[in-house]
Structure formats: structure tokens, C-alpha cells
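Secondary and tertiary structure notes
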Amino acid sequence: MRHVLALVGSRGDVQPALAVGLELRRRGHEVVTGVAPNLVPLAERLGLDPVPLGIDSAALLGSDLVRRDMRSPHPVRRVRALRAVAAAGWDELRTGLLALLDDVGPADTVVTGLLGQEVAAAVAERRGLGMAALHYCPVRANRVVSPVSGLRGSGATRAAWALGERVRWDLTRRAENDQRGELGLGRARVHLPTRLRDAGVVEVQAYDPALVPGLADEWGPRRPLTGFLALDDDARARLGEAGSGSGLEEGLAAWLDDGDPPVYVGFGSMPVADPPALLAAVDAACAELGVRALVSAGWNDFSAADGGVPGSGVDEKRVRVVGAVDHAAVLPRCRAAVHHGGAGTTGAVLRAGLPAVVGWYSADQPMWGDLLRGAGVGVARRASTLTQPGVLAGALAEVLDDATAARAVALGARLVPADRAVAAAADAVSGAVSG
């Protein structure tokens, strides 16, 4: 079979799907890979011969539209920004995906993530192709997981999902029908979740059923819960990140060996508003609690990639700053994690058996914070509050205890192993029926 991957968004949106693409290729399928332009080097290092698709996700996340307008106190400006971000890059995705399909010839399925799913679904419909989607958190109506923090009860949960779907449809209906018009398709009258369900599209739920008991039974085989997706050892080694392959790089290994297991701090592709202030908060929390911290800069500029930050006032023996790290190699050598609550990082932290402080920004991140809190292995705070005096130290104090650590280890042992999760996702994608 020939599968065309149409993957846009941040690294957390793309990398799990690349793991599935590698597994499909290992099984003898042909995999054609399109990714956000800034993530082409990532997919190249994995040997997937990618082509750029859509728009640069790092530029979007760092834009005034996301960092300023979406947080505007003015409701009209905020709604306009939400509508613009929801459909950002759709024209580029449509034209790029059509060109990719023209280049490769007959295909069987289009495989996409949540972002850009409206466009990928329309292109697949226009070309008569099968479609499979990867979801990294619950994004369809259900009675198990609430989309609103603190909401309880199955009836209220269903009502909240219905409202959320209606709001999303109101934000994207015009843009989606514009895309359909460009493709010569009729206007959609109902939102995408209903159309995908009615078409029998497979929506792989790429997170662990242990965190959402009962959801697999409610949704059935068209929305299989596979477990968190992750690259295998060989693929991680190809990325050349700290800890990839045979072991940790020498400087980091020596620092880890020279003291107690640290707290990991990393926010991935999320834009940290004030890196020096965050480092100061981390250093203050470490001093108060008597712990060390390993800070991964991610897509942010912490002014140093392989050591402390000279002149920042941060104790370099207590707080070490590095670039991107291999979670599978580094996290098992830590005692807790502070992260943004992205699904990929959440899965890696849970597999390592660590309790967590989720410093969330938006999207699915508050949901993961709630799920970890409900499981007794984490707490959640809005990311912007972590630099306020005492907030980070207080949150860490809640998870750095023996009982929370024991629960985190026990939960980690129950999770679906990464290789089984990737295999199950590839099975589901392979079963997507064309036409």
C-alpha cells in the first residue's frame, strides 16, 4: 500500500506520526512524507525523504497572532485570532498535498494528525482516497474525559463537548468550505467529526487507555486506543540528540552522575515568554527544595545549550541548561518533570515513572494536567504563573514525595510499551479502506 503522510504543526504533532510511518515502511508499505517546512530536517534524519507541506509551525507559534492576539483582553480581536490560527496554512496545505499526490501517483490513504485535518479530509474525498487520522488526546465527544477543567458528570461532559464542537465549527466553517470550493466539492453542512464518523474513517487514539478508563469501550474499533507513540532506539539515535544512541554525551552524563537525580524542566515547542525569569524560578525552587534541575531549551533561547547561563545568577552546579534531549535516555535518570503537557512529553514522562508539574499553555495541555492530577501523579499550573514567587517551588513540593513517586512508578509500569503502541497504530492505518 502507498500511504501519504500530511503532517503539520509542531514537533509534538509530527514526530509520533513519523514513528508510525517508519513502522509502515518496515512492513513493506510505501510511505510518502510531507511535513511542516521547519520539520523537514527532523524527518530527513529519520530517513523518510520528506517534502515541505503547509507553513512553518515555529514561525506561527512565535508570531504576534499567537503570542499577542490570541491572549488579547479584547474579545473581538481574540476571536479573530482564534479563527485565523485555526485555518493558518490551509491554502498551502491544500496546494502542497495535491502536488504531492500528483507527484507520487496512485495512493491508498492520506494519514494526518489533528491539525489540518479538515483540508486533508477534503483532499482525500476529492481524490477518492482512504483516510486515517492520529489523535494525541481525546478530541471527540465522550462521557469519560471532560474538555473543561473541574467539570464532573457524564451529562455535563457530553454537553461541554457538544458546545466545543459547535464553537470549533463556527470558527472554521467558512474556511473549510472555501477549501472545499477550491477542490470542486460541495459545501459541508455538518462539522467534520460527524462526517468522519459517518464515513467510517479510522481515528487512532495515540494515548494510553490507563489514563482514560472506559473510553475504549465507548468508542470502539474506529477509534482504537493504542498507547503513546514513540520512536524506537535506532530512530532516536539518528536524531543525534543528547542521550540518543549508545549513551549520554560526556558532559551531561558527568553532571547527572555528580549528584542526586534532577528535576527535568522542558517546554518543547511552546514559547517561554521570559527564559531568564523561568531559569531564576527554577533555580529558586531548587535552592528551596534542595534539588537539582536539568533544563531543556526546546525551541526557546536560553542563551546556552550545553551548560549553565553565565551572568544569569543561576547556580550552574544546581541548574544545567541543554538543548534538545532524548527523553527515553534522560528522563529515567530524573526524579520528576516540569513540562507543558504536550501528549508526547506526557507519555515519555509517564513511561519513565515520573510525577509531573504541568505548566500548560493551551489546547490539550490543561486536559493532560487534569488527567495526571486525577491519577495522583501530577499537578497543573498555567505556564505564565510559574515565574511568580513560590509558584514553581510549591507545585514541585506537591509531587516530590514518596507516595506520589510510587504512584507514578506503578502507573508507568501499566502503560502500553511504545513498540506495541506503534504497531497497533500501524495496524489501524493499514486497515483504513480507500474509497
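Below or above, wherever it landed, is the structure these notes cover. Note that the structure is a prediction, hence the values are computed from the model and not measured. (Residues numbered from 1 in each chain as written. Predicted model: local features only at pLDDT ≥ 70, side-chain atom pairs only at ≥ 80, totals over all residues. Heavy atoms only, no water.)

**So, the pattern of salt bridges**
A side chain with one charge may pair with a side chain of the opposite charge, provided their charged atoms come close. The final tally for this structure, using the stated rule, is 21 salt bridges. Residue D170 is joined to R173 by a salt bridge in which the shortest nitrogen-to-oxygen separation is 3.1 Å. In this pair, D170 and R173 both sit in helix 8 (residues 154-182), three residues apart, roughly one turn of the helix. Two residues, D326 and R236, come together in a salt bridge whose shortest N-O distance is 2.2 Å. Of this pair, D326 sits in the loop between strand 10 (319-322) and helix 14 (327-330) while R236 sits in helix 11 (residues 233-239), placing them 90 residues apart in sequence. (Salt bridge = Lys/Arg side-chain N within 4 Å of Asp/Glu carboxyl O. Helix = DSSP H or I, 4+ residues; strand = E, 2+ residues; numbered from the N terminus.)

**Some remarks on the pairing of strand 12 (residues 356-360)**
The buried count for strand 12 comes to five of five residues, which makes it a mostly enclosed element. Of the two faces of strand 12, the one carrying A356, V358 and W360 and the one carrying V357 and G359 are both buried. Direction of pairing for strand 11 (residues 336-339) relative to strand 12: parallel, over a ladder of three bridges. Across the sheet, the residue bridging to H339 is V358, located in strand 12. (Buried < 20%, exposed > 50% of the residue type's maximum accessible area, 1.4 Å probe, protein only. Pairing = 2+ DSSP bridges.)

**Concerning the environment of E398**
Topologically, E398 is positioned in helix 17 (residues 391-399). Among the residues examined, E398 registers a relative accessible area of 42% and is labelled partly exposed. In this structure, the C-alpha to C-alpha distance between E398 and V379, residues 19 residues apart in sequence, is 7.5 Å. Sequence-distant contacts of E398, defined by excluding residues within four places in its chain, comprise V379, R381 and T404. (Contact = heavy atoms within 4.5 Å.)

**Focus on the packing of helix 7 (residues 117-127) against helix 8**
Look at helix 7 against helix 8: their axes get within 10 Å of each other, and the N-to-C directions meet at 35 degrees. Crossing hand, helix 7 versus helix 8: right-handed. Every residue of helix 8 that contacts helix 7 at E118, V119, A122 and E125 is listed here: R168, T172, E176, Q179 and R180. Of the residues in the contact of helix 7 with helix 8, the class split is two nonpolar, two polar and five charged. (Axes fitted to C-alpha atoms, helices over the stretch in contact; angles between N-to-C directions. Left-handed = near helix turned anticlockwise from the far one by under 90°. Nonpolar A, V, L, I, M, F, W, Y, C, P; charged D, E, K, R; others polar.)

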